[in-house]
Amino acid sequence: MVKVYIDPGHGGKDPGALGNGLMEKNVTLAIGKKVRDYLINDYDFVKVRMSRTTDKTVALEDRVKDANKWGASVFISIHINSFNESTSGYEDYIHETLSTNSIDGQLQDALHEEIIKVNGLRDRGQKKADFHVLRESDMPSVLTENGFIDNAKDAAKMKQTSWIKAVAKAHAKAIANYLYNQGDGKMKYRLRTGKFDFAEDLVTAKKAIKENFNWVLYEVPESLNWNPGYRIITGAAFNSLKEAEEAQSKLRDTIPGYAVYVIEA
Ligand SMILES: [Zn+2]
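Residues numbered from 1 in each chain as written. Predicted model: local features only at pLDDT ≥ 70, side-chain atom pairs only at ≥ 80, totals over all residues. Heavy atoms only, no water.

### Remarks on helix α7 (residues 199-212)
Given a rise of 1.5 Å per residue, 14 residues ought to cover 20 Å, and the 20 Å separating the end C-alpha atoms of α7 matches this to within 8%. Taken as a whole, α7 has its buried residues at Leu 202, Ala 205, Lys 206, Ala 208 and Ile 209. Down the axis of α7, the buried set is contained in an arc of 165°. They therefore lie on one face. In α7, the exposed residues that point more than 90 degrees away from the buried face are Ala 199, Glu 200, Val 203, Thr 204, Lys 207 and Glu 211. In this fold, the buried residues of α7 make contact with β10 (217-221), β11 (230-234) and α8 (241-254). (Helix = DSSP H or I, 4+ residues; strand = E, 2+ residues; numbered from the N terminus. Expected span 1.5 Å × (residues − 1). Buried < 20%, exposed > 50% of the residue type's maximum accessible area, 1.4 Å probe, protein only. Arc of directions from axis to C-beta. Contact = heavy atoms within 4.5 Å.)

Okay, here's the thing in structure tokens:
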């Protein structure tokens, strides 16, 4: 099961950026709820949790704590920019300490590519910053800044439901593509573990794998309902069978007692 945490920026007493009759908190919530809907309706094995689904005040600390406690696979924070009325465009951020090749960087690549295709905004590039939600979240995290609310042209787009939907769908598509393929979609192999019958064994195994490898992990429920359990599947991280088999042997050492299979992506 892939767990996607969606964080619509601001809310309640904190309106965020203001301009052209719009409040950032309302635009981010509209996009965030649509991202959730697209993920749930269009993809399998996805669970979505949001930092807020209504116009309420939520502290930054609480958003990240909630995502960490839930064990999110990825954290996506949605924002709208503002500056000097003439500046316009789309940009996204990963934490400043991370390389562009990191998992976060790959997720940022996926989001940037899909979103810029449909939003009709100037491309301001992929950036890095020390934002709280990027720094404190335990999982790959990206923050998107979807246009400038104080720029008349950008704001006009934000007022269109079709734009909100297109931007949300692009977020969902990028997140799903990224999570299922973990990378460029050309990877051919992934690893699957044997079945974990007890939740605590699953948690321990996931923790050990996360400490040792830079892989996206999914929990896949076993269909045999007389003895429910979960298997762990990695993102499609391997290009060749040789690479996958080397990883298989390392993974066997990491979770002794469990089978590890190489499967085609
Ligand atoms: Zn904001």
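### Here's the deal with the coordination of the zinc ion
Listed as protein donors to the zinc ion are His 10 (NE2), Glu 24 (OE) and His 79 (ND1); their distances from the metal cover 2.1 to 2.2 Å. Read in sequence order, the donor residues for the zinc ion give the motif H-x13-E-x54-H. Taken together, the positions of His 10 in the loop between β1 (2-8) and β2 (18-19) and His 79 in strand β5 (residues 74-81) put the pair 69 residues apart, joining distant regions of the chain. We classify His 10 as buried; its relative accessible area is 19%. The class for His 79 is buried, based on a relative accessible area of 12%. (Donors = N, O, S within 2.8 Å, 3.2 Å for Na, K, Ca; no water.)

### Brief notes about the sheet that holds β1
A sheet is described by the order of its strands in space; here 6 strands give the open sequence β4-β1-β5-β8-β6-β7, paired in mixed fashion. Edge positions in the sheet fall to β4 (46-50) and β7 (123-129), since each of these pairs with one other strand and no more. The sheet shows a mean angle of 20° between the axes of neighbouring strands, direction not considered. Looking at chain direction, β1 and β4 are connected through 5 bridges and run parallel. The residue bridging Ile 6 from the neighbouring strand is Met 50, located in β4. Across the sheet, helix α2 (residues 60-70) lies against β1, β4 and β5, angled at about 175° from β1, the strand it touches most. (Pairing = 2+ DSSP bridges. Axes fitted to C-alpha atoms, helices over the stretch in contact; angles between N-to-C directions.)

### What about the nonpolar core?
Val 4, Ile 6, Ile 31, Val 35, Leu 39, Ile 175 and Leu 179 are the most contacted members of the largest nonpolar core, which totals 44 residues. Two domains each donate at least three residues to this core, and these are domain 1 (2-181) and domain 2 (189-264). Ignoring anything within four residues of it in the chain, the contact list for Val 4 reads Leu 39, Val 46, Lys 47, Val 48, Arg 49, Trp 70, Val 74, Ile 175 and Leu 179. Judged by nonpolar contacts, the second largest core, of 17 residues, contains Leu 202, Phe 213, Ala 244 and Val 260. (Core = buried A, V, L, I, M, F, W, Y, C linked by side-chain atoms within 4.5 Å. Domains from an automatic or database assignment.)

### A look at the UniProt feature "domain: MurNAc-LAA" (unreviewed entry) in the chain
Annotation from UniProt places "domain: MurNAc-LAA" (unreviewed entry) at residues 64-176. This span, residues 64-176, is 45% helix and 26% strand, and a straight line between its end C-alpha atoms measures 21 Å. (UniProt positions renumbered as here; feature names shortened; annotations may be inferred.)

### Concerning the pattern of salt bridges
Summed over all chains, the structure comprises 13 salt bridges. Where salt bridges share partners, they join Glu 91, Arg 124 and Lys 127 into one cluster. (Salt bridge = Lys/Arg side-chain N within 4 Å of Asp/Glu carboxyl O.)

### What about the domain arrangement of the chain?
Taken domain by domain, the chain consists of domain 1 (2-181) and domain 2 (189-264). Look at where the C-alpha atoms of domain 1 and domain 2 centre, and you get two points 29 Å apart.

### So, unusual backbone geometry
One non-glycine residue, Asn 20, lies in the positive phi region at around 50°. Relative to the helices and strands, Asn 20 resides in the loop between β2 and β3 (22-23). Backbone geometry at Glu 85 places phi at a positive 75°, although glycine is not the residue there. Position of Glu 85 relative to the elements: it lies in the loop between β5 and β6 (90-95). Among the residues examined, Glu 85 registers a relative accessible area of 57% and is labelled exposed.

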